Amino acid sequence: MEAALDLIVPILAATLRVATPLILAALAGLFAERSGVVDVGLEGKMLAGAFAAAATAAVTGDVWLGLGAAILASSALALLHAFACVTLRGSQVVSGMAINVLAAGLTATLALAWFRQGGQTPALPPDGRFQPIALPGAQWIAEVPLLGRLVVGVLGGHTAPVYLALLLVPLAAFVLWRTRFGLRLRACGEAPGAVDAAGVSVAKLRYAGVMIAGLLCGTAGATISTAQGAAFSTDMTAGRGFIALAALILANWKPWPVLWTCLLFGLLDAVAIRLQGVPVPGLGVPFPVQAVQALPYILTVILLAGFVGRAVAPRAVGIPYVKER
Amino acid sequence: MGHQVADIPDVTSAQGAGGAPPAIECRGITKRFGHVLANDAVDLVVRRGSIHGVIGENGAGKSTLMAILHGFYPMDAGEIRVDGRPVTIRDSADAIRLGIEMVHQHFMLVEPFRVIENIMLGAEGGMLLAGGEAAARASLARLGRDYGLVVDPDARIGDLPVGARQRVEILKALHRGAEILILDEPTGVLTPQEADDLFRVLRALRDEGKAVILITHKLREVMAVTDRVSVMRGGKMVAHRETAKTSAAELGELMIGRRPAAAARPAPATPGPELLSVQDLRVRDGAGVERVRGVSLALHAGEILGIAGVAGNGQTELLEALSGMRRAESGTIRLRGEVLPPCDAAAMRGRGVAHVPEDRLRHGLVADFPAQDTAILGYHGDPMWRRVLGLISNRAVEAHAAGLMATHDVRPAAPRLRSSLFSGGNQQKLIMGRELERAPDVLLVGQPTRGVDIGGIEAIHRRLRAWRDAGKAVLMVSVELDEILALSDRILVMFDGRIVGELPAGADERQLGLLMAGAHA
Amino acid sequence: MTRPLPRWAELALLPLLNLVLAMAVSALVVLAAGQSPTAALHALAIGSFGSWDAIGFTLFYATNMAFAGLAVAIAFKAGLFNIGVEGQAAMAGLGIALVCLGLDASLPALLLLPLAILGSAAFGAAWGYVPGWLQARRGSHVVITTIMFNFIAASLMVYLLVNVLIQPGQMAPETRRFATGLAALSSFGFPGRSPANVTLILALLAAFVVWVLVWRTPWGYGLRVVGSNPEAARYAGIDEGRRIIVVMAISGALAAGIAVNEILGVHQKLILNFTGGAGFTGIAVALMGRNHPVGVLLAALLFGALAQGGSELAFEMPDLPRDMVVVVQGLIILFTGALGALLRAPLARVMARG
């Protein structure tokens, strides 16, 4: 039993850590797409957030200022996205891709120009990083046989963003399903004409949805560079924005399922890291880590194809709202 | 105000005996879309405790006027008073605040939401839904009792039939405190039974002292349910009448602007052999609903067969199945006596069945193609415009379009102009020309004159008659009674997916109306 | 609704103005990086067109951009946004490797090279066909599936190169060198030393074929109807689903041009990440080129120059990385694509007055 825990606890703790930016980014996509605006620019906004957080924290030595800068940078890109998609009614996918490309170029260029360390930001001092937080009462819980160690080992000692992400899931569910704002936002993604006819501004709601996405992506980016890492390096989000998008689709655009799919993807990642170079028993070849890494994408395609279950996107997502004549 | 319309009574007298100001009063409302003057100095006065009909043909400007009242578009000029006070309506929120509510022709409902969520949208009663929900449920129950508007508050809109969805729309308006209720063509999608229920609700609202505005182009409804009626034509308000002091004939004349040509009865048809026939045809629509439920009919050379019916009774799907746009569920289609295998639209065209679609903009043309490219839609593989190595020659396509435009009087005769920039009538002439060009034996035509101006209607009708006289077969679907009566040699009436009756040319309008209403179904 | 612009303004003036706008914002970024925009522009110009070597490199990169742009553009004509060019090109590289590794010992170059090109086109087409099929038959949105297919292709390539195709005894994830490759342009007398090769000619040919296919055949007419008004396609008896599947396969086959240019033209072995983001640049190329082959070729030249000038820029000004041109690309996608309406309305107003 103890041996099993030795194996499981680190993997589950890693799962939670790895899943955190995914949860934040997928919730970001949830708000944008529930309002009717497609967001394939999660990756770019996260990357901008990661750079802004690491750069600011490196200069000021304050991790919270870093988080603030991340949110500002990501929100600036979100504002651009909202302006292009809502005000100018441009293509939402093109705008998202533009933001990804722009963020990739900008972060690499500015990182090199400002810090002259080959595209990295300087390594962060302890105060410039999110530090693990001890679970209150950990020593007592740990004394509960087996379960105690599991709880403390898996849930304890994480950084602030991990707990924040876990709190945001019920909060998002509450906001979307129990508040006036949530009702209107979801209606906007399904039937903007009905929202307009009810005397509520579709444009304002969509701006709100996209800007919330900016806020959450910035936080996700800061998590990557100042909680999981200790500096920014070029392209450090490495496709997490697209995994978050996949998680969002698999979760059928709902907050609780978003948590489960992100944890699943996090688990896959944690297991893949664990199995790197481990030979497959009986075959003698190394474990195909890439297969595990590609699993989120393959699962998403299978779900989208409707072979298993069915992904139902908000009906008006991707369509600019124009009053019909 | 510069406009001169002789028979508008002194509208200020509408203030009536009680001296209370009218619920809503519009003066000189003007709205322009590009070159089109959709509303030209329109006046309208609606009193409390009355049902006020606004009638006019398609494109007369009724919907624009109502959209302005509901804040969907700003007006270019004019004044609106509510209860005697001048108001500005910049958006729907302003209209709602003034108690002006609208039931749109295409419902403004969120389909995946429950009824209660739809009712609350925009009137949630607080930041949290929990607080307002109890109140909304209570208000639903009360409104259900008072007006007989019963719906399950927890049903999903997507699961409700059309009639129930309309009830939700009305409940939504009343829940938000409607004092002035506008209904835009509310019976177009209803069964006669549902329409009667609706009228009962409207009368109850009137008796409560609310003002109800009913926009329609159906004279029967106006005569049946309204107290006063205003007639629009070509963007202008041309007459106001007390319903009790007018007649359907007079209103019809006002709407069209002249006495309906005592239907210059065409020469009787000389039907030839049977060209197209169907037996027990069943067709489902995109949502899987069976729309055509066992239709059999035969179409002969040298006749125009009119399919009459209220929109949404399966005519669209019948036409789509016959033209190859939609696969029939079961049944046989025979062409010149031969049973057809399942065909797509291209194959049907190849067999000499041409199709002028009901919905010009959705099906008949490609809005951002130049007219010359729209003029080969469906015939784009034709050798006529293919030259070197079988490639399409732009020059040949342009020459073809120029010829077509000359023959069919399409204006402007500019093959390179974008299809969307032509007027409705000219787009229709272009499509008609394209479909008639290969002298098809069978012409399927849906709503031939929808959204076409009067002059254009004449030209299109003339052409359809000439086609019949040349010994071809025409199957025409139309929701316009006048059109059915003026053109058809035989009339089949569709109701609820079935043929419910056949009438000869020159049938009695009343009898036709009864059949369309499903009276004999 | 705003009035449409005259053709020449829509096709030439507007893209040019958007380009100027993108360059102006890029200049601000250069300033933010503490560098001189004029010096950067100068380095960019010299780096891309200053010598025969530079021109050769520019043409080499332009070849990638042309294929990527054509691949995106032809799918666009059917109303499809193929974000999967990157993955399709990667798979096409695998196609080349399998043909060459298997047959280069037994076939003469004259047979092997066309076979390798066909192999790459087939692999690229297959990687486009599947998302096309999923869109047409299962309604899975092609934007999402092609994004997913990019990642699946990337994982597959890593796995194969690390575990299966790697040259025995080597550390680097690469195959062994093929026996032959495509001829460089310099062997036909093109001045200077550059990796530009005969794939450039193939790109010009491909552009012409795309133009004929889309604008001069009944199939292409149907494709454009599907892209502009799918309901009208049903009315006209044009099979929308089949057009979507076929055009996605063609798009993938065009993406294979990148692999031919890089793998068969230069490296003569399969390496990781040889596409270098060209697939994404294809979006910018197609947008800038208004989805027309002529426009795509011109835009490809521009982006080729940016790619080449960018490396020179990094060399001349060490504090400005190559990624500076990625910024320019992003801004061009932004201004010509997403913010396209920004200049159109004011421009239409000015032109209507003038």
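All values derive from a computational prediction rather than experimental measurement.

## Concerning the interface of chain B and chain A
- Listed by partner, the interface residues are 26 residues for chain B and 24 residues for chain A.
- For the pairing of chain B and chain A, the buried interface totals around 2,200 Å² over both sides, and the portion due to carbon and sulfur atoms is 64%.
- Of all residues in chain B, the largest losses of buried area upon contact with chain A belong to F72, L121 and L129 of chain B, amounting jointly to 24% of the total for that side.
- If you look at where chain B meets chain A, you find 3 salt bridges.
- Across the salt bridge formed by E111 of chain B and R315 of chain A, the nearest N and O atoms sit 3.2 Å from each other.
- Along the contact surface separating chain B from chain A lie 5 residue pairs in polar contact (both at pLDDT 80 or more).
- Taken together, the elements giving at least two residues each to the side of chain B that touches chain A come down to α2 (92-97), α3 (115-120) and α4 (129-147) of chain B.

## Focus on the environment of F422 of chain B
- For F422 of chain B, the location among the structural elements is in the loop between α13 (394-407) and α14 (424-436).
- A C-alpha to C-alpha distance of 31 Å links F422 of chain B and S92 of chain B, two positions 330 residues apart in sequence.

## Side note on the nonpolar core
- Grouped together as the largest cluster of nonpolar side chains are 235 residues, with contacts concentrated most on L27 of chain A, L183 and L202 of chain B together with I96, L264, L270 and F303 of chain C.
- No fewer than three residues from each of domain 1 (5-99 + 179-256) and domain 2 (107-175) of chain B sit in this core.
- For F303 of chain C, the residues in contact, after removing those within four places along its chain, are M65, T281, A284, V285, M288, Q329 and I332 of chain C.
- One finds L365, L443 and I491 of chain B together with A236 of chain C within the second-largest nonpolar core, a separate group that totals 46 residues.

## Section: the sheet that holds strand β11 (residues 274-284) of chain B
Residue and element names in this part refer to chain B.
- A sheet is described by the order of its strands in space; here 4 strands give the open sequence β12-β11-β14-β15, paired in antiparallel fashion. Edge positions in the sheet fall to β12 (290-300) and β15 (338-339), since each of these pairs with one other strand and no more.
- Bridge count for β11 against β12 is 8 bridges, and the pairing is antiparallel. Of the residues in β12, the one forming a bridge with R284 is E290.

## Regarding the interface of chain A and chain C
- Each side of the interface is counted separately: chain A has 41 residues, and chain C has 43 residues.
- Roughly 3,600 Å² of surface becomes buried between chain A and chain C when both sides are summed, with 81% attributable to carbon and sulfur atoms.
- Where chain A meets chain C, there are 1 salt bridge.
- As a salt-bridge pair, D319 of chain C and R116 of chain A come within 2.6 Å of each other at their nearest N and O atoms.
- Mapped onto the side of chain A that touches chain C, the elements with two or more residues apiece are α3 (63-87), α4 (92-115), α11 (240-250) and α13 (289-304) of chain A.
- The dominant element in the side of chain A that touches chain C, judged by the number of residues it contributes, is α4 of chain A, at 15 residues.
- Here the residues of the side of chain A that touches chain C are counted per class, giving 30 nonpolar, 9 polar and 2 charged.

## What to know about the domain arrangement of chain B
- For chain B, the domain assignment lists domain 1 (5-99 + 179-256), domain 2 (107-175) and domain 3 (295-516).
- Each of domain 2 of chain B and domain 3 of chain B has a C-alpha centre, and the two are 41 Å apart.

## Examining helix α5 (residues 109-138) of chain C
- Taking 1.5 Å per residue as the helical rise, α5 of chain C with its 30 residues ought to reach 44 Å, and the 42 Å between its terminal C-alpha atoms agrees with that figure.
- G139 of chain C, located one to two residues past α5 of chain C, shows a positive phi value of around 70 degrees.

## Here's the deal with the sheet that holds strand β4 (residues 77-82) of chain B
All names here are of chain B.
- Across the sheet, 4 strands lie side by side as β2-β1-β4-β5; this open sheet has antiparallel pairing. Bordering the open sheet on either side are β2 (36-46) and β5 (85-87), each of which pairs with just one other strand. On average, each strand axis in the sheet is inclined to that of its neighbour by 30 degrees, with strand direction left out of account.
- The pairing of β4 with β5 spans 3 bridges and is antiparallel. Bridge pairing in β5 places V82 opposite R85.

## Observations regarding the side chain of T15 of chain A
Residues and elements named next belong to chain A.
- Turning to its location among the elements, T15 is positioned in helix α1 (residues 2-34).
- Assessed through its relative accessible area of 5%, T15 is described here as buried.
- In this view, T15 contacts L263, G266, L267 and A270; residues no more than four positions away in its chain are not counted.

## Some words on the pattern of salt bridges
- Counting across every chain of the model gives 58 salt bridges over all chains.
- A salt bridge links D373 of chain B to R224 of chain C, with the shortest nitrogen-to-oxygen separation between them at 3.9 Å. Here R224 of chain C lies in helix α8 (residues 218-228) and D373 of chain B lies in helix α12 (residues 371-374), a pairing that spans two chains.
- Judged by relative accessible area, which is 10%, D373 of chain B ranks as buried.
- R224 of chain C gets classed as buried once you look at its relative accessible area, which sits at 10%.
- Between R490 of chain B and E502 of chain B there is a salt bridge whose closest N-O contact spans 3.1 Å. Of the two residues, R490 of chain B sits in strand β19 (residues 490-495) while E502 of chain B sits in strand β20 (residues 498-504), which places them 12 residues apart along the sequence.
- A relative accessible area of 18% places R490 of chain B in the buried class.
- For E502 of chain B, a relative accessible area of 46% corresponds to the partly exposed category.
- Taken together, the shared-partner salt bridges in this structure form one network comprising R186 of chain A together with R114, E117, E133, R137 and D154 of chain B.

Procedures and definitions
The residue numbering used here restarts from 1 in each chain and proceeds along that chain's sequence as written. Ligands are numbered from 1 and chains lettered from A, in the order in which they are written. Only residues with pLDDT of 70 or above have their local features reported here, since the model is predicted, and side-chain atom pairs are shown and tallied only from 80 upward, although totals for entire chains, interfaces and linings are computed over all residues. Side-chain metrics in this entry use all non-hydrogen atoms of the structure; hydrogen atoms and water are not considered. Throughout, a residue-residue contact means that at least one pair of heavy atoms, one from each residue, lies within 4.5 Å. Accessible area, probed at 1.4 Å, shrinks when two parts are joined; the buried area is that loss added up over both. By definition here, a salt bridge exists when the distance from a side-chain nitrogen of Lys or Arg to a carboxyl oxygen of Asp or Glu is within 4 Å. Counting of polar contacts relies on pairs of N or O atoms within 3.5 Å, with two restrictions inside protein: one atom must be capable of donating a hydrogen and the other of accepting it, and residues adjacent in sequence are counted only when both atoms are side-chain atoms. Helical segments are the DSSP runs of H or I of at least four residues, strand segments are the runs of E of at least two, and each set is numbered from the N terminus. We call a set of buried Ala, Val, Leu, Ile, Met, Phe, Trp, Tyr and Cys residues a nonpolar core when their side-chain atoms join them within 4.5 Å. For every residue, the accessible area obtained with a 1.4 Å probe (protein chains only) is divided by the maximum for its type, and the residue is called buried under 20%, exposed over 50%, and partly exposed between those limits. Start and end points for every domain follow an automatic or database-based domain assignment. Here, any two strands with at least 2 DSSP bridges between them count as paired. Polar here means any residue other than Ala, Val, Leu, Ile, Met, Phe, Trp, Tyr, Cys and Pro, which are nonpolar, and Asp, Glu, Lys and Arg, which are charged; Gly is therefore polar. Multiplying 1.5 Å by the helix residue count minus one yields the expected span of that helix. Fitted lines through C-alpha atoms give the axes, limited to the stretch in contact for helices. The angle between two N-to-C directions lies from 0 to 180 degrees.

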